[in-house]
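# Observations on chain architecture
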Amino acid sequence: MTNDNNENRKLIEDEYTQLHATAVQLLDEIGAQLWDLPAPGEDVHWLNWGHVGSLRMICDRLTEIQQHLGQTKLPSETAR
């Protein structure tokens, strides 16, 4: 049984490592894409409410992610 637990632990750690790297990469890409958006105050006469709505959706989803991460406690944090 211990061998199965060790194998399962290895699979969990491998998957977590891969997903962590993917999340960091996605965050970097999202940040770059946000910086590519027109800055407030630039000549953005072509903007419409659809653009505002899209940016609102992005802010809402990022807030949800931030809140989720704030709820995720590591075992060492829950012992406090």
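If you're wondering where the values come from, they're calculated on a predicted model, not measured in any experiment. In every chain, residue numbers begin from 1 and rise along the written sequence. Residue-level local features of this predicted model are given only where pLDDT is at least 70; pairs of side-chain atoms are given and counted only at 80 or more, and the full residue set underlies all totals for whole chains, interfaces and linings. Excluding hydrogens and water, the side-chain figures rest on all heavy atoms present in the structure.

### Comments concerning the overall build of the chain
Secondary structure elements follow DSSP: runs of H or I of four or more residues count as helices, runs of E of two or more count as strands, with numbering from the N terminus. Of the regular secondary structure elements, the chain holds three helices and zero strands. Helices and strands appear in the chain in the N-to-C order α-α-α. For the radius of gyration, the atoms used are the C-alpha atoms, and the globule rule reads 2.2 Å times the number of residues raised to 0.38. For 80 residues, the compact-globule estimate of 2.2 N^0.38 gives 12 Å, and the chain exceeds it by more than 25% at 20 Å. Exposure classes here rest on a 1.4 Å probe applied to the protein chains alone. A residue is buried below 20% of its type maximum, exposed above 50%, and partly exposed in between. Within the chain, the proportion of its 80 residues that are buried is 0%. Using the Shrake-Rupley algorithm and a 1.4 Å probe, accessible areas are obtained, with residue cover drawn only from the displayed protein chains. Of the accessible surface of the chain, which amounts to about 7,600 Å², a share of 59% is contributed by carbon and sulfur atoms.

### Points about the confidence of the model for the chain
Residue-level confidence of the predictor is summarised by pLDDT, bounded by 0 at the bottom and 100 at the top. Model confidence for the chain is summarised by a mean pLDDT of 89, while 90% of its residues fall at 70 or above. Mean pLDDT values for the elements of the chain range from 65 in helix H3 (residues 75-78) up to 96 in helix H1 (residues 2-35).

### Some details on the pattern of salt bridges
Side chains bearing opposite charge may pair, as long as their charged atoms lie close to each other. When a carboxyl oxygen of Asp or Glu lies within 4 Å of a side-chain nitrogen of Lys or Arg, that pair is called a salt bridge. Scanning the model with the defined rule gives one salt bridge in all. Note that Lys10 and Asp14 form a salt bridge whose closest N and O atoms lie 2.8 Å from each other. Within this pair, Lys10 and its partner Asp14 are both found in helix H1, separated by four residues, close to a single helical turn. Overall, Asp14 belongs to the partly exposed group, its relative accessible area being 38%.

### Topic: helix H2 (residues 49-71)
Every helix has an expected span of 1.5 Å times one less than the residues it contains. Given a rise of 1.5 Å per residue, 23 residues ought to cover 33 Å, and the 33 Å separating the end C-alpha atoms of H2 matches this to within 8%. Any N or O atom pair separated by 3.5 Å or less is treated as a polar contact, with the protein-specific requirement of one donor-capable and one acceptor-capable atom, and with residues adjacent in sequence counted only for side-chain atom pairs. Between the side-chain oxygen at the start of H2 and the backbone nitrogen of Gly50 there is a gap of 2.7 Å, and the oxygen is on Asn48.

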